[in-house]
Amino acid sequence: MNYKLRQEKVLNLMAPNTIFCLFNKRLNEDAKKYDCNRNFFYLTGIAEFDDILLFVKNKNESFVKLYIHEIDPKQERWTGPTIRSNEATTISSIKNIGLINNFYNDLANYINYDTSIYLLENLDESKDYSYEDYFKRTISKKYPNIIFLEGNNILKKLRTIKDEDEANLIRKANIITNYGLNAILDNLKPGLKEYQIESYFDQAIKFNGATGYSFPTIAASGINSTCLHYSTNTATLEDNDIILFDLGASYETYCADISRTYPINGKFTDKQRQIYEIVLNGQKLIEKTAKPGLTTKDLNNILIQYYIPHLKKIGLIKKNDEIFKYYFHAVSHHLGMDCHDFCEYNKLEAGAIISNEPGLYIPEWKIGVRIEDDLYITKDGNINLSEGIIKEVKDIEDYMAKRNN
Ligand code: GLY
Ligand code: MN
Ligand code: MN
């Protein structure tokens, strides 16, 4: 990854006489390496907790500095070595490395009478308190007139456009996810609990190098498949029902986001197949259509216009707006280091990575189908990063028929 280029872009986007501080605070006691502040990692390639990234853009100087832990041999016996300055430079390209303990003293040297400070704000709306709040209070006491600016838009702008390296990490996350889905298909049968079939996915992705999950797995069988965010995963799989999986492995913070819908006993019923094919063809239409210049909202409207005549034809709806009884989410969102990524939602540009996830949910038939792939938008179309994860009815049924168990 070209972290230096990303850092330069931040400096370019900052207004004159500003400072930008990013804190990689631990989210909770059990946080793992990649549970880090994604924006901090995006700009440094470093996930170490408590490190601080500082950008300064003053009249006569413009630079970036990274603050890391002082070496503490006693602490390292408990938690392992912290990053060394030469390592930090090699990874992040930042030559200017300081110690966390010196950060506030240093900062005082860079604040002038007219300096404003960018912070990332409200990243986790579930929390009513963040380190940024503490920082603001501390700094405001010393500099009552200082102005704080929201830095979110700067990071959103950068993270909306992915480079080849990022697309390859999502491709890798998709390959790992595919191992998990094949393990599911190898073992799917009536009588299991949803959490039992989920466990095959867990084992296979970990075995194949996943560094985490993109989000908690949805394994929704029968009527549960018609509930969008079902996540209890405790029901028993019934013969002749389908099961909808929405899941993803992540790899070095980059997320796969995949949905697949399978027949529990290996064969779709006629009704299930009929709905499945409508959704699958809708997905193919969106894949054929997605390109720069359109918004994700445009794609959703195209899907809705496609659905209406098809659902009328099979007698499921009579009037156009009845479509929303059976389809009520969006077909696309940006995807990246976060499953719902920290991005701008303007017209798509080359480099965006988006989901393609049409669905139909019909509780009266116990049929919920969602099929989701990840698309990398290119100059004149897109590349499917989920290629190879089977989804044709014939491929799924053939795969299940050839199993040994
Ligand atoms: N798994 C969440 C989504 O598909 O958007
Ligand atoms: Mn999904
Ligand atoms: Mn999605």
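Reading guide: rules and limits
- Residues numbered from 1 in each chain as written.
- Chains lettered and ligands numbered in written order.
- Predicted model: local features only at pLDDT ≥ 70, side-chain atom pairs only at ≥ 80, totals over all residues.
- Heavy atoms only, no water.
- Helix = DSSP H or I, 4+ residues; strand = E, 2+ residues; numbered from the N terminus.
- Buried < 20%, exposed > 50% of the residue type's maximum accessible area, 1.4 Å probe, protein only.
- Polar contact = N/O pair within 3.5 Å; in protein donor to acceptor, adjacent residues only side chain to side chain.
- Contact = heavy atoms within 4.5 Å.
- Pairing = 2+ DSSP bridges.
- Axes fitted to C-alpha atoms, helices over the stretch in contact; angles between N-to-C directions.
- Parallel < 35°, antiparallel > 145°, perpendicular 65-115°, else oblique.
- Nonpolar A, V, L, I, M, F, W, Y, C, P; charged D, E, K, R; others polar.

Draft legend 1. Representation of the side chain of E166. Within the secondary structure, E166 is located in helix α8 (residues 164-187). Residue classification places E166 among the buried positions, given a relative accessible area of 2%. A distance of 2.6 Å separates the side chain of E166 from the side chain of Y254, its partner in a polar contact. Residues within four places of E166 in sequence aside, it is in contact with M1, R6, Y42, I161 and Y254.

Draft legend 2. Fine view of the sheet that holds strand β8 (residues 218-221). If you walk across this open sheet you meet the three strands as β8-β9-β12, and the pairing is antiparallel. Strands at the two margins of the open sheet, each flanked by one partner only, are β8 and β12 (258-263). Averaged over all neighbouring strand pairs, the angle between strand axes comes to 15°, with direction disregarded. Relative to β12, strand β9 (residues 242-247) runs antiparallel, the two sharing six bridges. Along β12, the bridge assignment pairs I243 with Y262. Against the sheet, helix α9 (residues 194-207) engages β8 and β9, with an angle of about 45° to β9.

Draft legend 3. Main features of the packing of helix α10 (residues 270-289) against helix α12 (residues 393-401). Remark: α10 packs on α12, axes separated minimally by 11 Å, with the N-to-C direction vectors making an angle of 130°. Between α10 and α12, the interaxial angle falls into the category oblique. Where α10 abuts α12, its residues R273, Y276 and E277 lie against V393, I396 and E397. A breakdown of the residues in the contact of α10 with α12 according to their chemical character gives three nonpolar, no polar and three charged.

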